[in-house]
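# Analysis of the macromolecular model
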Amino acid sequence: MNTLMTRAIQALMVAVLIGAATFAMMRALPGDAAYRIAAGRYGYDNVDTAAADAVRDELGLGGPALPAFLGWLGDLLRLDFGTSLVTGQPVIEEIGHQLGASMALAGVAVLLSLILGPPLGILAGLRPGGVLDRVLLVVSTGLKAVPQFLMALILILILSVQFRLLPAAGHGEARHFILPALALALGLAAVNARIARDAMARIGAMPFYSFAQWMGLSPRQTLWRHGLRNVSVPLLTYLGLQFVTLVEGVVVVEAVFGWPGIGHALVHAIFSRDVPMVQGTALCLGLSFVLINTLIDLVTQRIDPRRAA
Amino acid sequence: MTDVVMIPRPAGHATRCTGGVLVAAVLIFSLIGPLAVPGDPFAQSLMKALSGAEPGAPLGYDHLGRSIFHRLAHALRLSPAIAIAAVLTAGLGGLVLGTWAAARGGWTDRILTTLADALLALPGLLLVLIVLAIVPGTALGFWAGLSLVLWVEFFRLSRAATHEVLASPAVQATRLLGFGPTYVFRTHIWPEIAPMMLTAAAFGTATAIMVIAALGFVHVGMRAPTPELGLMMVELLPYWREAPMALLSPVIATFALLLGLTLLAGSRET
């Protein structure tokens, strides 16, 4: 239960932090927020003082700071995000639309990275210092130094511009998934593979592992019964921590490929100073990090009961 | 009977040296380059747009006829300068808060740790974007936002190490001899933390450069005439067929810089 309590406090702190950050953003906007919001709503050619004043009155952009901040946090904790300043739709609905697209992309990327990374890492870890191990070290170090946007750029240039194999942008068909998911997955796979390799090499060197083989289990049986379960614990834990990297990647990759997800929405919301939208998306991302890591805590405790003690 | 499997760590020294050489090469290019071949990163001559290399512009011209060599050199000064400033601020802040939290314990420790945990749950890119919207001036915003993101790592490292060191018999003995906290920090805590801080600093610098470039690439970072790595790439992307080298030069420079920093940091314990 201690894990759950810690995570609950973390979730609360995340909400307060995001509340404070977005409130500061609202207050400290360079220029007059009312004009910007009016521009976002009515188009840049139709903004005048009257429109800006109307927006200012409607949203209560004037007034003292502290009561406004407390009210702001209260709304946030009641999960009342308000309406988007640009579209006028409730933020919850907007996020509901976009979250699905993002989760699909992130899910495919994680799956792809798990297919690519850990199996190679485990094979390398079974023979530390072997050819595969050394090649994997070089490849994964190289891949780790390529940021996701650069990976996206390289994939677009090679696969869609030069060879015209895949569409560079778009959404809706299965083939549109390949490039953005691959751009995310390669970086994740590079790290996954290293984690799996290190864990496998460590476990393979343990006495119980050699003992399993002395008992007469074949290498395959030993790996299956005694290796994989042990390797999966650090791998899962790390996967939870990587979620932040994944979200950052999703924000950038969605912007590059024009994917209609939450990251794309976030960049646009920040660009047009749509504070309720920023707040909603940021909170959604922060809380999903806490949620996923709570789940992973619980799962790893099931896999390795020694951790629960 | 001792058939201990040797787990080969990546050859520490050689790897770090390679990383150091890469980073140094990129930085020397950015600092010395414009001195060796004088030129202006903002000067346009549309006649020369996308034309190839010549003595005044060793890497050719971009789509607006500006020398890519000089733009690249300026970009390679800007991002590392912001990154290093942010890492220094974050490192100092994290070190002070981390040792303070570990030494004081109690509520100070609890509050700071909770704050750090909450920040850890937020994608750094997001925080930087929000701070960029608050702080006037893009470079200043990047510095503030990146410092806010990066201090957590330094805080956690120095807190954990200090915690461990303070509980050791050596520190107890020092205290019994009557030495003050400054002495304990200098002789016991700092030597323990210093190597970790260097690794974290290299990772932090790489992260910062990646963030600046990524936001530039999606048009929410540095603004247009400023030479910046991500911005240069996205500007030159449409001219890939006409001038592949124009696009490849910032790509290669960014990769070399990031690879160098990753190697310099060495392998992180998992």
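Since this is a predicted model, take the numbers as computed values, not measurements.

### Notes on the nonpolar core
Grouped together as the largest cluster of nonpolar side chains are 132 residues, with contacts concentrated most on B:F142, B:L146 and B:L215. For this core, the element with the highest residue contribution is helix α7 (residues 181-217) of chain B, accounting for 15 residues. Built from parts of two domains, this core gets at least three residues from each of domain 1 (3-91) and domain 2 (96-307) of chain A. Look past the residues within four positions of B:L215 in its chain and what remains in contact with it is B:L125, B:V128, B:L129, B:L132, B:F142, B:V220 and B:G221. Counting residues in hydrophobic clusters, the runner-up holds eleven residues, among them A:I195, A:A196, A:A199 and A:M200.

### So, the UniProt feature "domain: ABC transmembrane type-1" (unreviewed entry) in chain B
UniProt's feature table lists "domain: ABC transmembrane type-1" (unreviewed entry) at residues 76-265 of chain B, given in the numbering used throughout. In the segment residues 76-265 of chain B, helix accounts for 84% and strand for 0%; the C-alpha atoms at its two ends are 20 Å apart.

### Considerations on the UniProt feature "transmembrane region" (unreviewed entry) in chain B
Residues and elements named next belong to chain B. Under the UniProt annotation, the feature "transmembrane region" (unreviewed entry) is placed at residues 20-37, 81-103, 196-222 and 242-265. Regarding residues 20-37, the helix share stands at 94% and the strand share at 0%, and the terminal C-alpha atoms are separated by 25 Å. For the annotated span residues 242-265, helix accounts for 92% and strand for 0% of the residues, and the straight-line distance between the end C-alpha atoms is 38 Å.

### Digging into the interface of chain B and chain A
Tallying the contact residues gives 41 residues for chain B and 52 residues for chain A. Both sides together, the interface formed by chain B and chain A hides about 4,100 Å², and carbon and sulfur atoms give 82% of it. Together, B:I130, B:A133 and B:I134 form the three largest contributors to the area buried by chain B at its contact with chain A, with a combined 12%. Counting every contact that joins chain B to chain A gives zero salt bridges. Inspection of the chain B/chain A interface yields three residue pairs in polar contact (both at pLDDT 80 or more). Mapped by element, the contributors of at least two residues to the side of chain B that touches chain A are α3 (106-120), α4 (124-134), α7 and α9 (244-265) of chain B. Among the residues making up the side of chain B that touches chain A, the classes are represented as 33 nonpolar, five polar and three charged.

Scoring rules and cut-offs
- Residues numbered from 1 in each chain as written.
- Chains lettered and ligands numbered in written order.
- Predicted model: local features only at pLDDT ≥ 70, side-chain atom pairs only at ≥ 80, totals over all residues.
- Heavy atoms only, no water.
- Core = buried A, V, L, I, M, F, W, Y, C linked by side-chain atoms within 4.5 Å.
- Buried < 20%, exposed > 50% of the residue type's maximum accessible area, 1.4 Å probe, protein only.
- Helix = DSSP H or I, 4+ residues; strand = E, 2+ residues; numbered from the N terminus.
- Domains from an automatic or database assignment.
- Contact = heavy atoms within 4.5 Å.
- UniProt positions renumbered as here; feature names shortened; annotations may be inferred.
- Buried area = accessible area lost by both parts, 1.4 Å probe.
- Salt bridge = Lys/Arg side-chain N within 4 Å of Asp/Glu carboxyl O.
- Polar contact = N/O pair within 3.5 Å; in protein donor to acceptor, adjacent residues only side chain to side chain.
- Nonpolar A, V, L, I, M, F, W, Y, C, P; charged D, E, K, R; others polar.

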